[in-house]
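Summary of the model geometry
These are the residues of each chain, in order.
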Amino acid sequence: MGLLSDPVRRRALARLVLRLNAPLWALPVAWLERTMRSVGLEVYTQSFSRKLPFPDETRERYMVAGTNVYGILRAPRAASTESLVLTVPCGPDSANSQAVGLLLALAAHFRGQIYWAKDIIFLVTEQDLLGTEAWLEAYHDTNVTGMQSSPLQGRAGAIQAALALELSSDVVTSLDVAVEGLNGQLPNLDLLNLFQTFCQKGGLLCTLQGKLQPQDWTSVDGPLQGLQTLLLMTLQQASGRPHGAHGLFLRYRVEALTIRGINSFRQYKYDLVAVGKALEGMFRKLNHLLERLHQSFFFYVLPALSRFVSIGLYMPAAGFLLLVLGLKALELWMQLHEAGAGPQEAGGASGPGPPLPPAQSVGLASLVAPLLISQAMGLALYVLPVLGQHVATQHFPVAEAEAVVLTLLAIYAAGLALPHSTHRVMSAQAPDRGWMALKLVALIYLALQLACVALTNFSLGFLLAATMVPAAALTHPCGPRPLYAALLVLTSPAATLLGCLFLWRELQEAPLSLAEGWQLFLAALAQGVLDHHTYGALLFPLLALGLYPCWLLFWNVLFWK
Amino acid sequence: MVASCFLRKCLTALAGLLLLSFGSLAASQIEDQTEQFFRSGHTNNWAVLVCTSRFWFNYRHVANTLSVYRSVKRLGIPDSHIVLMLADDMACNPRNPKPATVFSHKNMELNVYGDDVEVDYRSYEVTVENFLRVLTGRIPPSTPRSKRLLSDDRSNILIYMTGHGGNGFLKFQDSEEITNIELADAFEQMWQKRRYNELLFIIDTCQGASMYERFYSPNIMALASSQVGEDSLSHQPDPAIGVHLMDRYTFYVLEFLEEINPASQTNMNDLFQVCPKSLCVSTPGHRTDLFQRDPKNVLITDFFGSVRKVEITTETIRLQPDLGNMESRNQS
C-alpha cells in the first residue's frame, strides 16, 4: 500500500502537481491587447524570462517568465519624437487590477483629445519590477542585468517622464507618493511639485512616506513630524532599492514617480474619478513642456511634500564628518614623521647610520598584507554566498536562500577572527608604529569611499559616515580593548543595517520585536543580494567590496600586537 | 457833387479794405492748412514687433505681439512695412486645442492670428543679433526684403517688444539677453544713420521701465507696462487652451486700439492713461523728455497707422523752406 494506491490521494496529488506546474496568476494578455486595441492604441507585447540567482522566498519565484503589454497613443500632430509613460506594475502578490482599469479609462479619454504633443505609452508589466526592467532595457537597447527579453516591436521616441500607479481598491482615502529610486536616485523636484499642486487643486489628501503633512510649523509638532518624514526618506534612499516602478526609470534619466492609492480607515473617500483627474492634469502639464525637467533640484531630502532641503544645505554636514577623518589622518601622518625623524637624528648624531630608518621600510611591507587579506575577505563575501549555495544545500538541511544568507553571515563573522591569522602571516618584527601607518591608510580609504558615496547617494553616505567615523577615529590598539571592540562591532555595516531596520519600523509606527527584527534582517540580506543581481543595485557590492574590507582594517588596527 | 464823389471813394476804399482782409484771412487759412499738412515730419510708417519667448506656456507673449500686429495692419501699415518676429509658433503648435488660432480673450471672440499673417522672423531666427541687425540695417546682402527695416529719415517707427524681462534686460528665447544699454546704443546708431524721424517704443515685460531708462537719442517716446521692481501680470487663464492668453497691459492697449480708426484724432496722452494701476496691478510708465513735440499733439495714428495725407485744394500755395528745422537737423 503506497501513496498512489488510494485513488483519492492519487487525484489530489495529480491536482497538486498540475497546480505547481501552472503559474498561480498570469496577466490576461489577450484580453488586454483586445481592449487596448478597441480604445484606439497601437498595441504590442514583449515576453521576458530570467532565472534568479537563488529562489526569492518573499515572492516565491525562481524561474521568472512573463509578458508585458503596452499600447501607444500617437500624438495627432507631432512627430513622435518624445513620449510620456503611464505604467501599472502587476504581479502575483499585488494584482493591481483597479489601476489597470483606471489606465484603460484614461487611455480612452486621452484618445479623444487633440492637444497631445508627445506620444503616451500605457504599459502593463508582469512580475512587478522585473517586467518593468525588461521593458526598459529593451526600449533603450541595453542589457544591464542579464534579462532575456524579446526586442520591442513598437517605440515612441525619447521618454520625458513616467508615472507608475498602484491602487489596492476602487476607493482611495489618500495618495502616497514615492520618490526614492534605485541606488538612491531621485526624480527632479519639479515632478513632485507638480503632483503636490494637483493634490491641492483636486482637494486630495496626499501623504509622503505614509505620513500626513504637518500643518503647524510654529510649535514643536510640525518640525518633529517633518524630522520623522526626513529620517524615513533617508533610510529608504540609503537602502538603494527601487521603491516602485519609477525607481527603474530614473537610471535612464527619465523623471518618474510612483503614486499609491491607500484605502485606510478615514471618513472621506475619493473615487477613481478624482484620481483620474489628477493624473490627467499631470499629463497635460507634462505635455506642455518643450524640454526635459531640469530647472529644479535633483538632490534633496524632504521633510514634507511642500518643503525640501537642497544639497547646498545638507552637504556641509557630510563634509564636516569626513573632515574628522582627514584631520585624524593628518595627525597620524605628523606623528609618523616625528617618530621617523627621531631615530634618524639619533643615528646621524651617533655616526653615519643607514640612510633610511629600518622602521619605515618594514612599515610599508607590513601594510600590504592586511590590505590584501581584508580585500580578499571582501571579495569572498561578494562572490562565495551565491556561488557556494548549492554546495551548502548539499551539506546542510537549508534552502538556497537561507544558505546564501548564512554563508554571508559566516564569512562576515570569520573576518572578526582575522587579526589572529594575519599576525601569524607577518613577521614578529611588526614595530609599534606600524599600526599608525595602517590606520592612516584605512582612514584615507574610508574617507575616499564615503565621499564618493555621499556624492551620489547622500543618505547612504551620511548614514555610514555617522556610524563609522567616530569608531574609526577612536580606534587605538592601546586602551580599553573590549570597549573599542564593542564600539567597532556595533558600527560595522551589518550592525548599522540591523539598527536601521529597527529605526525604520519604529518610525513607521510598527515596531519590531527582536525575533521579528532578526527575521527581517535575514530577509533584507537576501533581498539585497537579489536586488544587486536583478536590478543592478549597488548597496551589496559597496558594502562587501568597499566598506567591509575598510572596517576589517580598523579591526586589524585595534588588535595590533 | 463833391460829397457823393467822396462817399463813393470811401465806399470803394472800404470795399477794398474788406476784400484785402478777407483775402488775408483766406490766405492764412490756406497757410494753416498747409501747416497742418506738415505738422508731423514723417512720410511713412514702419513697425517692428518682437515676441522674444518660446514654449507653449508663453502663449500670451505671442498673443500680445499678434494683437499689436493686427491693430497696426488694420490702421493701414502694410506687411511690407512690418517686421514681425515671433519666437515660437502657437497657432500650429501640436498643443493647441484650437489649431490655426491665437485668441486674446477667453471668450474666444477675437482670433488675432487672422487669415493673412506674415511672420518675418520665426522660431530660432529671433535672436538679439538679428534684432539689432534689423534695427541698424547691418544685414547680409542675401537677406530678403521682407526681413529688412528699410526706413529713412522721414519714417516713424513703432517698436513693440514683449517677453520675460528684468531690471535692465530682456530675455530672448531662454538663452540670451539684450540689455537696455545695447538697445539705447542701437537707437543712437539709427539716429546717426538717419533711419528714423520719430520712434515709439512700447515694452510689456516685468520691470519694463528699466529698458527705456538709458535712451539718449532724440525723438524717442517710450511706454512700459511696469516700473522697476514690479512684475507685469497676465490677464486670464483659459481652461480649454490651458494657458494664460494675454498680458494685462497689452490687453487693455488692444481694447483701446480697437476704438481707433484711421481718421481718429486721439492723441498720445490718452494712450498714457490706458491701464491704470487698478486694472493692471503694475504701474505703467512712459518717457517723453527726448521727444520734441508735445504728446498731446501726437496722434495715435502717427505711429500705429499709416495715414496717407491727401489734401485737395484749388488755391496755389507757395511753400517756404523751413530753414530752422533744416539747420537743427544738419547740426545734430
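Numbers given to residues run from 1 along each chain, matching the order in which its sequence is written. Each chain is given a letter, starting from A, and each ligand a number, starting from 1, according to the order in which they appear as written. Selection of residues for local features in this predicted model requires a pLDDT of at least 70, selection of side-chain atom pairs for listing and counting requires 80 or more, and totals for whole chains, interfaces and linings are taken over all residues. With hydrogens and water set aside, each side-chain value is computed from the structure's full complement of heavy atoms.

Identification of chain B as GPI-anchor transamidase from Felis catus is taken from an unreviewed UniProt entry. UniProt positions are given in the numbering used here, feature names are shortened, and annotations may be inferred rather than shown by experiment. Its UniProt record, at the heading Subunit (unreviewed entry), says of chain B: "Heteropentamer. Part of the GPI-anchor transamidase complex, consisting of PIGK, PIGT, PIGS, PIGU and GAA1. Interacts with GPAA1. Interacts with PIGT; this interaction, via a disulfide link, stabilizes the expression of GAA1 and PIGK and links them to PIGS." Annotation of chain B in UniProt includes, under Pathway (unreviewed entry), the sentence "Glycolipid biosynthesis; glycosylphosphatidylinositol-anchor biosynthesis."

An unreviewed UniProt entry lists chain A under the name Glycosylphosphatidylinositol anchor attachment 1, from Felis catus.

**A few points about the overall build of chain A**
Under the scheme used here, helices are H or I runs from DSSP no shorter than 4 residues and strands are E runs no shorter than 2 residues, and both carry numbers assigned from the N terminus. Each helix and strand counted, chain A has 19 helices and 13 strands in total. The burial tally for chain A puts 50% of its 561 residues in the buried class. We call two residues in contact when some of their heavy atoms are within 4.5 Å. For chain A, long-range pairs separated by at least 24 residues make up 79% of all intrachain contacts whose partners lie at least 6 apart in sequence. Under the scheme applied here, a residue whose accessible area is under 20% of the maximum for its type counts as buried, over 50% as exposed, and between as partly exposed, the area being computed with a 1.4 Å probe on protein chains only.

**Observations concerning the overall build of chain B**
Helices and strands together make up the secondary structure of chain B, namely nine helices and 10 strands. Counting only C-alpha atoms, chain B reaches 100 × 45 × 40 Å along its principal axes. The proportion of buried residues among the 332 residues of chain B is 51%. Within chain B, residue pairs in contact and separated by at least 24 positions form 74% of the contacts whose partners lie at least 6 positions apart. Accessible areas in this description were obtained via Shrake-Rupley with a 1.4 Å probe; residue shielding takes into account the shown protein chains only. A total of about 16100 Å² of accessible surface is found on chain B, and carbon and sulfur atoms cover 54% of it. In chain B, 32 side chains carry a positive charge and 39 a negative one; their mean positions are 4 Å apart. Positive charge is attributed to Lys and Arg, negative charge to Asp and Glu, and no charge count is given to His or to the chain ends. The atoms used to mark charge sites are NZ of Lys, CZ of Arg, CG of Asp and CD of Glu.

**Here's the deal with the UniProt feature "transmembrane region" (unreviewed entry) in chain A**
In the numbering used here, UniProt assigns the feature "transmembrane region" (unreviewed entry) to residues 297-325, 362-383, 403-419, 440-463, 483-504 and 536-559 of chain A. Helix makes up 83% of residues 536-559 of chain A and strand 0%, with an end-to-end C-alpha separation of 36 Å.

**Regarding the interface of chain B and chain A**
Counting residues at the interface gives 16 residues for chain B and 14 residues for chain A. Once two parts are joined, some of their accessible surface, as seen by a 1.4 Å probe, is lost; buried area is that loss totalled over both. For the pair chain B and chain A, the summed buried surface comes to about 1100 Å²; carbon and sulfur atoms form 55% of the total. Per-residue buried area on chain B facing chain A is highest for B:Phe55, B:Pro94 and B:Arg95; these three make up 51% of the total on that side. Salt bridge criterion: a side-chain nitrogen from Lys or Arg within 4 Å of a carboxyl oxygen from Asp or Glu. In this assembly, chain B and chain A are joined by zero salt bridges. Pairing of N or O atoms within 3.5 Å defines a polar contact, subject to two protein rules: one partner must be a possible hydrogen donor and the other a possible acceptor, and residues neighboring in sequence count only if both atoms are side-chain atoms. At the surface where chain B touches chain A, the tally comes to nine residue pairs in polar contact (both at pLDDT 80 or more). Among the residues making up the side of chain B that touches chain A, the classes are represented as 10 nonpolar, three polar and three charged. Residues were grouped as follows: Ala, Val, Leu, Ile, Met, Phe, Trp, Tyr, Cys and Pro as nonpolar; Asp, Glu, Lys and Arg as charged; and all remaining residues, including Gly, as polar.

**Let's talk about the packing of helix H14 (residues 434-456) of chain A against helix H19 (residues 539-558) of chain A**
The relative placement of two packed helices comes down to the angle between their axes together with the axis-to-axis distance. Residue and element names in this part refer to chain A. Fitted lines through C-alpha atoms serve as axes, helices being fitted only where they are in contact, and the angles separating the N-to-C directions of these axes extend from 0 to 180 degrees. Direction vectors running N to C along H14 and H19 enclose 155°, while the axes themselves pass 9 Å from each other. By the angle between their directions, the pair H14 and H19 is classed as roughly antiparallel. As H14 packs across H19, the resulting crossing turns out to be left-handed. Judged by residue contacts, Trp435, Leu438, Lys439, Ala442, Leu443, Tyr445, Leu446, Gln449, Leu450 and Val453 of H14 engage Leu542, Leu545, Gly546, Leu547, Cys550, Leu553, Phe554, Asn556 and Val557 from H19. For the contact of H14 with H19, the residue count by class is 15 nonpolar, three polar and one charged. Small angles under 35 degrees read as roughly parallel and large ones over 145 as roughly antiparallel, with 65 to 115 read as roughly perpendicular and the rest as oblique. Crossings are assigned a handedness: left-handed for a near helix turned anticlockwise from the far helix by less than a right angle, right-handed for a clockwise turn.

**Considerations on the state of the cysteines**
Residue and element names in this part refer to chain B. Sulfur atoms of two cysteines make up a disulfide when they are within 2.5 Å. Within this structure, the stated rule accounts for two disulfides over all chains. One disulfide bridge connects cysteine 275 with cysteine 280, the sulfur atoms lying 1.6 Å from each other. Looking along the S-S bond of the cysteine 275-cysteine 280 disulfide, the torsion reads about 95°, which is the right-handed sense. The buried category is assigned to cysteine 280, whose relative accessible area is 1%. Counting only cysteine sulfurs, cysteine 51 is the nearest neighbor of cysteine 92, a cysteine outside any disulfide, at a range of 15 Å. Of all cysteine sulfurs in the structure, the one in cysteine 280 sits closest to cysteine 206, which takes part in no disulfide; the separation is 12 Å. On the basis of relative accessibility, which here comes to 18%, the residue cysteine 206 falls in the buried class.

**So, unusual backbone geometry**
Residue and element names in this part refer to chain B. A positive phi angle is found at glutamine 207, which is not glycine, with a value near 55°. The residue glutamine 207 is located in the loop between strand S8 (198-204) and strand S9 (220-224) in this model. A residue is classified by how much of its surface remains accessible, and glutamine 207, at 18% relative accessible area, is buried. One non-glycine residue, cysteine 275, lies in the positive phi region at around 60°. Mapped onto the elements of the fold, cysteine 275 is located in the loop between helix H6 (268-272) and helix H7 (277-280). Look at cysteine 275 and you get buried, because its relative accessible area is 4%.

**Let's talk about the sheet that holds strand S8 (residues 174-178) of chain A**
All names here are of chain A. Ordered by their spatial adjacency, nine strands build an open sheet running S5-S1-S2-S4-S3-S6-S10-S8-S9, and the pairing between neighbours is mixed. Edge strands, defined here as strands with exactly one partner in the open sheet, are strand S5 (148-149) and strand S9 (206-208). What makes two strands pair is DSSP finding at least two bridges between them. Where strand S1 (residues 42-56) meets S5, two bridges bridge the pair, whose relative direction is antiparallel. Following the sheet pairing, serine 49 is matched in S5 by glutamine 148. Running at roughly 35° to strand S10 (residues 255-262), helix H5 (residues 189-202) makes contact with S8, S9 and S10 of the sheet.

**Here's the deal with the pairing of strand S2 (residues 61-73) of chain A**
Residue and element names in this part refer to chain A. Note that S1 and S2 share 11 bridges and pair antiparallel. Each residue of the ladder has a partner; that of phenylalanine 48, found in S2, is glycine 66. Two successive antiparallel strands, S1 and S2, enclose a turn made up of four residues, where glutamate 60 displays a positive phi of approximately 55°. The sheet contact formed by S2 and strand S4 (residues 119-125) spans five bridges and is antiparallel. Each residue of the ladder has a partner; that of leucine 73, found in S4, is isoleucine 120.

**Quick look at the pairing of strand S2 (residues 82-86) of chain B**
Residue and element names in this part refer to chain B. Among the five residues that make up S2, five are buried, leaving the element largely enclosed by the rest of the structure. Going residue by residue along S2, you find Ile82, Leu84 and Leu86 tucked away on one face and Val83 and Met85 tucked away on the opposite face as well. Here five bridges tie strand S1 (residues 44-51) to S2, and the two strands are oriented parallel to one another. Bridging from a neighbouring strand, cysteine 51 pairs with leucine 86 of S2. The pairing of S2 with strand S3 (residues 121-122) spans two bridges and is classified as parallel. Bridging across to S3, leucine 86 finds its partner in arginine 122.

**A look at helix H4 (residues 180-192) of chain B**
All names here are of chain B. Across its 13 residues, H4 extends 18 Å between first and last C-alpha, which sits within 8% of the 18 Å expected from 1.5 Å per residue. Within H4, burial applies to Asn180, Leu183, Ala184, Ala186, Phe187, Glu188, Met190 and Trp191. Residues of H4 that are buried sit in contact with helix H3 (128-136), strand S4 (155-162), strand S7 (176-179), S8 and S9. At the C-terminal side of H4, arginine 194 shows a positive phi close to 55°. One less than the residue count of a helix, multiplied by 1.5 Å, gives the span that helix is expected to have.

**Observations concerning the environment of B:Gln273**
Residues and elements named next belong to chain B. Take glutamine 273: it is sitting in the loop between H6 and H7. What makes glutamine 273 exposed here is its relative accessible area of 57%. C-alpha of glutamine 273 to C-alpha of glycine 285: the two residues are 12 residues apart in sequence and 9.7 Å apart in space.

**Some words on the nonpolar core**
All names here are of chain A. Buried residues of nine kinds, namely Ala, Val, Leu, Ile, Met, Phe, Trp, Tyr and Cys, make up a nonpolar core once their side-chain atoms join them within 4.5 Å. Counting 93 residues, the largest nonpolar core has Trp135 and Leu446 as its most contacted members. With 13 residues, H19 is the single largest residue contributor to this core. Residues Val100, Leu104, Leu175 and Leu302 belong to the second largest nonpolar core, which totals 61 residues.

**Description of the sheet that holds strand S5 (residues 164-166) of chain B**
Residue and element names in this part refer to chain B. Taking strand neighbours across the sheet as the criterion, the three strands line up as S5-S6-S7 in an open arrangement whose pairing is antiparallel. On the outer flanks of this sheet lie S5 and S7, each paired with one strand and no other. Looking at each pair of strands side by side, their axes are set apart by 30° on average, direction ignored. Looking at chain direction, strand S6 (residues 169-172) and S7 are connected through four bridges and run antiparallel.

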